[in-house]
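Chain by chain, the residues run as shown.
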Amino acid sequence: MSDKSGFPQVRMRRLRYHPAMRRLIRDTSLSASDFILPLFVRTGEQQRQEISSMPGHAQLSPDLLADEAREVWELGLGGVILFGIPDEKDACGSDSYDDDGVIQQGIRAVKDAAPELLVMTDVCFCEYTDHGHCGVVNDRTGRMDVDNDATLELLKKQVLSHVRAGADVVAPSGMMDGMVAAIRGALDEADAQHIPILSYAVKYASAYYGPFREAAESAPQFGDRRAYQMDPAAAAEQAIREAELDLAEGADMMMVKPALAYLDILRLVCDRFPGVPMAAYNVSGEFAMVKAAAANGWVDERAVALETLTAIKRAGAAAILTYWAKEAARWLAD
Ligand code: PBG
Ligand code: ZN
């Protein structure tokens, strides 16, 4: 037995007994600039609508969003990603491509308050449509479903409006086929060749998005998103196909979402496309579960959150979208 294992000559604990030794050989480190904070914009002034399932997070009117942007900039976060919640929703989500729409107001407020802060926008329709789906719906296929190609036309309008308002990066999240190519084409034609696309390339139909749908008031009014988001039980290689296609269409960065139940997928995609910066979305349900357990005194929130973020980084993420972004930056600073 001792022959095969190498024990007692080999003792892994020698690498761990001294704290400085552990620090010396540590490979994964987190910094504030790794984190992207999701923010929710609503209309009005001095409006702060708490999101009960995500303690500490709220829908903010543009003036309060501006305060948040200054704080985020001071903390040195990597950026923010904005989600708009319009006053009026309709069948095609027209507020999302209205130059005076809610997200456009939010983008301008953030840009005024913190001009150098990286502002990403979530490019999708579910927050803006009255039916809550990620595009226009019809029953062409014999069942109510999102019409892929009709949605692409509206996506182009949405992206151009976000960029006119000042978005630095656009992040399409609707899982429409061809969405990256359509958006790249529209941007290039509009002389916005410099705007990067962060594609939600590998996005699963996940129950972990539950709290987000309260935050964005975007729960589908009928059916679910399984006809466009990926099946959690699909072969892992399907993630490679999704990523490959988005890269070919012109994605600059890609995302795996959710993060924790899909770290195998994140690692797979990182290994397969070295040099392509990958992001991971530490989604609302992942955050809410820890908050709930911590509120009960069952886990130490700070320790669990930092361990979680470390694991996502270790799996290969260059950037992490997380509701802990501000707290984590503060924890790392002390
Ligand atoms: C919109 C979108 C969703 C999330 C990000 N963008 C919701 C969904 O697809 O239903 C989820 C984020 C989270 O749960 O934190 N398409
Ligand atoms: Zn959507």
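Here, every reference points to the structure presented above.
Below you will find a few notes about this structure. (Residues numbered from 1 in each chain as written. Chains lettered and ligands numbered in written order. Predicted model: local features only at pLDDT ≥ 70, side-chain atom pairs only at ≥ 80, totals over all residues. Heavy atoms only, no water.)

### Observations concerning the pairing of strand E5 (residues 119-123)
- Summarising burial for E5: five of the five residues are buried, a large majority.
- Neither face of E5 is open: one carries Val 119, Thr 121 and Val 123, the other Met 120 and Asp 122, and all of them are buried.
- As paired elements, strand E4 (residues 79-84) and E5 share three bridges and run parallel to each other. Bridge pairing in E5 places Leu 82 opposite Thr 121.
- Sheet analysis places E5 next to strand E8 (residues 169-172), joined by four bridges and oriented parallel. Within the sheet, the bridge partner assigned to Asp 122 lies in E8 and is Ala 171. (Buried < 20%, exposed > 50% of the residue type's maximum accessible area, 1.4 Å probe, protein only. Helix = DSSP H or I, 4+ residues; strand = E, 2+ residues; numbered from the N terminus. Pairing = 2+ DSSP bridges.)

### Digging into the nonpolar core
- Phe 40, Leu 82 and Leu 266 are the most contacted members of the largest nonpolar core, which has 111 residues in total.
- Contacts of Leu 82, omitting those with residues within four sequence positions, involve Leu 39, Val 41, Leu 65, Ile 103, Gly 106, Ile 107, Val 110, Val 119, Met 120, Thr 121 and Asp 122. (Core = buried A, V, L, I, M, F, W, Y, C linked by side-chain atoms within 4.5 Å. Contact = heavy atoms within 4.5 Å.)

### Let's talk about the environment of Leu 321
- Following the sequence through the fold, Leu 321 ends up in strand E12 (residues 319-322).
- Measuring from C-alpha to C-alpha, the distance between Leu 321 and Phe 35 comes to 5.8 Å, with 286 residues separating the pair along the chain.
- Not counting residues within four places of it along the chain, the set of residues in contact with Leu 321 comprises Ile 36, Ile 81, Met 255, Ala 279, Ala 280, Tyr 281 and Asn 282.

### A look at the environment of Ile 183
- Along the chain, Ile 183 turns up in helix H6 (residues 179-189).
- Ile 183 sits in the buried class, given a relative accessible area of 0%.
- Taking C-alpha positions, Ile 183 is 8.0 Å from Leu 152, a pair spaced 31 residues apart along the chain.
- Beyond its immediate sequence surroundings of up to four residues, Ile 183 is in contact with Val 123, Val 159, Val 170, Pro 172 and Ile 197.

### Focus on a nonpolar patch on the surface
- A surface patch of nonpolar side chains, about 470 Å² in accessible area, is lined by Val 10, Met 12, Leu 15, Leu 24 and Ile 25.
- Position of Leu 24 relative to the elements: it lies in helix H2 (residues 19-25). (Patch = residues over 30% accessible without salt bridge, like charges linked within 9 Å, V, L, I, M, F, W, Y side chains within 5 Å. Areas by Shrake-Rupley, 256 points an atom, 1.4 Å probe, with all protein chains shown as cover. Salt bridge = Lys/Arg side-chain N within 4 Å of Asp/Glu carboxyl O.)

### Thoughts on the pattern of salt bridges
- Inspection of the entire model under this criterion finds 18 salt bridges.
- A salt bridge links Asp 334 to Arg 302; the shortest N-O distance between them is 3.3 Å. Pair noted here: Asp 334 is in the segment after helix H12 (325-333) and Arg 302 is in helix H11 (residues 301-314), with a separation of 32 residues, a long-range link.
- Relative accessible area serves as the criterion here: at 66%, Asp 334 is assigned to the exposed category.
- The structure contains a network of salt bridges with shared partners spanning Glu 68, Glu 71, Lys 326 and Arg 330.

### Overview of the site of ligand 1
- Taken together, 19 residues form the shell around ligand 1, and within it Lys 203, Arg 213, Lys 257, Ser 284 and Tyr 323 come nearest.
- Here Asp 122 contributes a side-chain N or O atom positioned 3.3 Å from a nitrogen atom of ligand 1.
- Between ligand 1 and the protein, one listed contact pairs an oxygen atom with a side-chain N or O atom of Gln 229 at 2.8 Å.
- In isolation ligand 1 exposes 400 Å². Once the protein is present, 100% of that is buried. (Near = heavy atom within 4 Å. Polar contact = N/O pair within 3.5 Å; in protein donor to acceptor, adjacent residues only side chain to side chain.)

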